[in-house]
Amino acid sequence: VLFNGIRNCLYTDMIKIVFVGVNFIDGQKKRVIEQSKGLNIELIDRIPREKLEKYIAQTDVFFLTNLTGVKGWFPVKIFDYLKWRRPIVLCPGDNDVLDQVILRTNSGYIINDSFKCARIIESLYLEKHNILIDFNPNESEVKKYSRQYQTKILARILDSKSQW
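All of the points below concern the structure found in this document. For clarity, every value in this text was computed on a predicted model and none was experimentally measured. (Residues numbered from 1 in each chain as written. Predicted model: local features only at pLDDT ≥ 70, side-chain atom pairs only at ≥ 80, totals over all residues. Heavy atoms only, no water.)

1. Remarks on the nonpolar core
- Counting 20 residues, the largest nonpolar core has I6, I17, V89, Y109 and I111 as the members making the most contacts within it.
- Where this core is concerned, the elements lending two or more residues are α1 (2–7), β1 (16–20) and α6 (114–128).
- Top element by residues in this core is α6. It accounts for 5 residues.
- The residues touching Y109, leaving out its near neighbours within four places in the chain, are P87, I88, V89, L90, I102, I120, L124 and F135.
- Ranked by size, the runner-up nonpolar core spans 16 residues in total, among them L98, I102, V142 and Y145. (Core = buried A, V, L, I, M, F, W, Y, C linked by side-chain atoms within 4.5 Å. Buried < 20%, exposed > 50% of the residue type's maximum accessible area, 1.4 Å probe, protein only. Helix = DSSP H or I, 4+ residues; strand = E, 2+ residues; numbered from the N terminus. Contact = heavy atoms within 4.5 Å.)

In structure tokens:
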């Protein structure tokens with residue numbers, strides 16, 4: 001859906017997709033290369049967090065995918081992405097916790113077809129070039145997914161289970 005959406009976008013030649021850490025999962029690099037033929041991509045091995053932050057700081061849009069058949073799973077990336085207050089494109093949606101986070105925080109788009117993907121990417125491209133699109137994340141909801149807030153929740157749960 002994502003790669004076909006980018007191929008169908010009016011600004012395909014202007015879009016660069018950077019994949020960091022694609023060698024982490026067996027076969028991931030090969031799959032990305034095969035599916036992204038004809039697109040401007042860069043594949044980067046896993047890098048230290050400090051260096052990763054530099055890439056993230058230059059990112060206009062974050063792309064996130066789900067793991068098919070895995071319910072209730074939050075990839076760590078979503079917490080990092082929310083922190084940077086940039087649009088997140090979840091493609092495809094998971095009909096589960098990731099969709100809920102995107103909807104509650106108003107932090108991006110849930111895309112399940114390549115046509116919608118192309119239109120959203122075109123809108124985001126225009127916004128970047130000062131043709132404004134309405135994007136206004138729900139800050140109070142975004143904060144609920146910060147590491148600090150989530151740690152407090154975990155601490156409360158552990159305290160409630162503790163017998164001391």
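2. Looking at α6
- The terminal C-alpha atoms of α6 lie 21 Å apart, and with 15 residues this matches the ideal 21 Å at 1.5 Å per residue to within 8%.
- Turning to α6, its buried residues are C117, A118, I120, I121, E122, L124 and Y125.
- Elements in contact with the buried residues of α6: α1, β3 (62–64), β4 (88–90) and β5 (108–110).
- Backbone nitrogen of F115 and a side-chain oxygen of the N-cap are separated by 3.1 Å at the start of α6; the cap is D113.
- Of the residues trailing α6, N130 is marked for its positive phi of about 65 degrees. (Expected span 1.5 Å × (residues − 1). Polar contact = N/O pair within 3.5 Å; in protein donor to acceptor, adjacent residues only side chain to side chain.)

3. Focus: the environment of N95
- For N95, the position within the fold is in the loop between β4 and α5 (97–105).
- Residues N95 and I110, spaced 15 residues apart in sequence, show a C-alpha to C-alpha distance of 9.5 Å.

4. Brief notes about unusual backbone geometry
- Residue P92 is bonded to the preceding C91 through a cis peptide linkage, with omega at -5 degrees.
- Mapped onto the secondary structure, P92 falls in the loop between β4 and α5.
- One non-glycine residue, R85, adopts positive backbone phi at about 55 degrees.
- Within the secondary structure layout, R85 lies in the loop between α4 (76–83) and β4.
- At N106, a position not held by glycine, the phi torsion is positive, near 50 degrees.
- Relative to the elements of secondary structure, N106 occurs in the loop between α5 and β5.

5. A few points about the sheet that holds β3
- Ordered in space as β3-β4-β5, the 3 strands form an open sheet in which the pairing is parallel. One side of each edge strand has no neighbouring strand; the edge strands of this open sheet are β3 and β5. Between one strand axis and the next, the sheet turns by 15 degrees as a mean value, whatever way the strands run.
- Here β3 runs beside β4; their pairing, made up of 3 bridges, is parallel. Residue pairing in the sheet places L64 in a bridge with L90 of β4.
- Packing of α6 onto the sheet brings it into contact with β3, β4 and β5, and relative to β5 it is tilted by some 170 degrees. (Pairing = 2+ DSSP bridges. Axes fitted to C-alpha atoms, helices over the stretch in contact; angles between N-to-C directions.)

The analysis is restricted to geometry; functional conclusions fall outside its scope.
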